[in-house]
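The primary structure of each chain is shown beneath.
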Amino acid sequence: MKRVWPVILTMLLLTFSEATALADEAGVLTEAELSAWLDPLLTSTANVAPINAPVGEDALTEDGYAFLYDSATFFYDKPVLDAQSRLNAVSVTSEALDMPRGIRLGAPADMLMTAYGWQNPALSADDSFAPLYALDRLPEAAYWALAQRSGDQLLSVQCAIHARQSNGRYTDSGVLYTVQNGVVSAIRVYGLSAAIDL
């Protein structure tokens, strides 16, 4: 699957290469918007022991070590939280926790399309993937969103953020919303410590 994403991203950017003026910065999910959501959430758990404390090797997943809290699971690069710990991902577990743009677990799929699919509300493309937006601000940043579907059934929406870092590399983060039976069934913030080159 990891080999497919570069091809899909290339197709997505080519699809919108002549229409980047249609994308506006107010509509795309940016690193500032994601941070504005994530920072208070991290602060709220700063002095709270995770439900699964102490975190051990049994908490190791593909995303890192899972720290379970009431509203979300945080995935860190090691089982002990200290100044060097890196947050890799967050999985939302509570329907009460708002995501950017007010989207929660259990929200209708139409809410996702209203929030991110304004350029392609009909999901025009093939039967598997439909680009929702792309904004090329390179060399500073690039943003894109992609819907996965099966026929006319929405399966997921991925919003990606590639912002330039101080070392000249780019973030490779974003939010993945999974849809089942017409409602948001999972929300995962990924790639929080990942980086890629231009």
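Whatever comes next refers back to the structure up there.
Structural notes, computed from the coordinates. (Residues numbered from 1 in each chain as written. Predicted model: local features only at pLDDT ≥ 70, side-chain atom pairs only at ≥ 80, totals over all residues. Heavy atoms only, no water.)

Some details on the pattern of salt bridges
Pairing between side chains of opposite charge can happen when the charged atoms of each approach one another. Enumeration over the complete set of coordinates arrives at six salt bridges. One salt bridge connects Arg101 with Glu33, and the closest N-O pair in it is separated by 2.9 Å. On the criterion of sequence distance, the pair formed by Arg101 in the loop between strand S4 (87-92) and helix H3 (109-116) and Glu33 in helix H2 (residues 31-44) is long-range, its members being 68 residues apart. Since its relative accessible area comes to 27%, Arg101 is described here as partly exposed. Take Glu33: its relative accessible area is 23%, and that puts it in the partly exposed class. A salt bridge links Asp63 to Arg188; the shortest N-O distance between them is 2.7 Å. Placement of the pair is Asp63 in the loop between strand S1 (60-61) and strand S2 (64-68) and Arg188 in strand S10 (residues 183-190), with a sequence separation of 125 residues. (Salt bridge = Lys/Arg side-chain N within 4 Å of Asp/Glu carboxyl O. Helix = DSSP H or I, 4+ residues; strand = E, 2+ residues; numbered from the N terminus. Buried < 20%, exposed > 50% of the residue type's maximum accessible area, 1.4 Å probe, protein only.)

Notes on the nonpolar core
Among the nonpolar cores identified, the biggest contains 47 residues, and Trp37, Phe74, Val90, Tyr116 and Tyr177 are the most heavily contacted of them. Apart from the residues lying within four places of it in its own chain, the contact partners of Val90 are Trp37, Leu38, Leu41, Ala72, Thr73, Phe74, Phe75, Ile187, Arg188, Val189 and Leu192. By size, the runner-up hydrophobic cluster in this structure holds six residues, among which are Ala134, Leu146, Ala160 and Tyr190. (Core = buried A, V, L, I, M, F, W, Y, C linked by side-chain atoms within 4.5 Å. Contact = heavy atoms within 4.5 Å.)

Side note on the sheet that holds strand S5 (residues 129-137)
Across the sheet, which stays open at both edges, the nine strands sit in the order S1-S2-S3-S4-S10-S9-S7-S6-S5 with antiparallel pairing between neighbours. In the strand order of this sheet, the two ends are held by S1 and S5, each with one partner. Note that strand S9 (residues 173-180) and S10 share seven bridges and pair antiparallel. Counted as the bridge partner of Val179 is Val184 from S10. Packed onto the sheet, H3 meets S5, strand S7 (153-163), S9 and S10 and runs at close to 35° relative to S7. (Pairing = 2+ DSSP bridges. Axes fitted to C-alpha atoms, helices over the stretch in contact; angles between N-to-C directions.)

Brief notes about H2
Compared with an ideal rise of 1.5 Å per residue, which puts 14 residues at 20 Å, H2 spans 20 Å between its outermost C-alpha atoms and is within 8% of the ideal. Buried residues of H2: Leu34, Trp37, Leu38 and Leu41, and no others. On its buried side, H2 packs onto strand S3 (72-76), S4, S7, S9 and S10. (Expected span 1.5 Å × (residues − 1).)

Section: the side chain of Gln158
As for its position among the elements, Gln158 is in strand S7. Side-chain polar atoms of Gln158 contact the side chain of Tyr190, separated by 2.7 Å. (Polar contact = N/O pair within 3.5 Å; in protein donor to acceptor, adjacent residues only side chain to side chain.)

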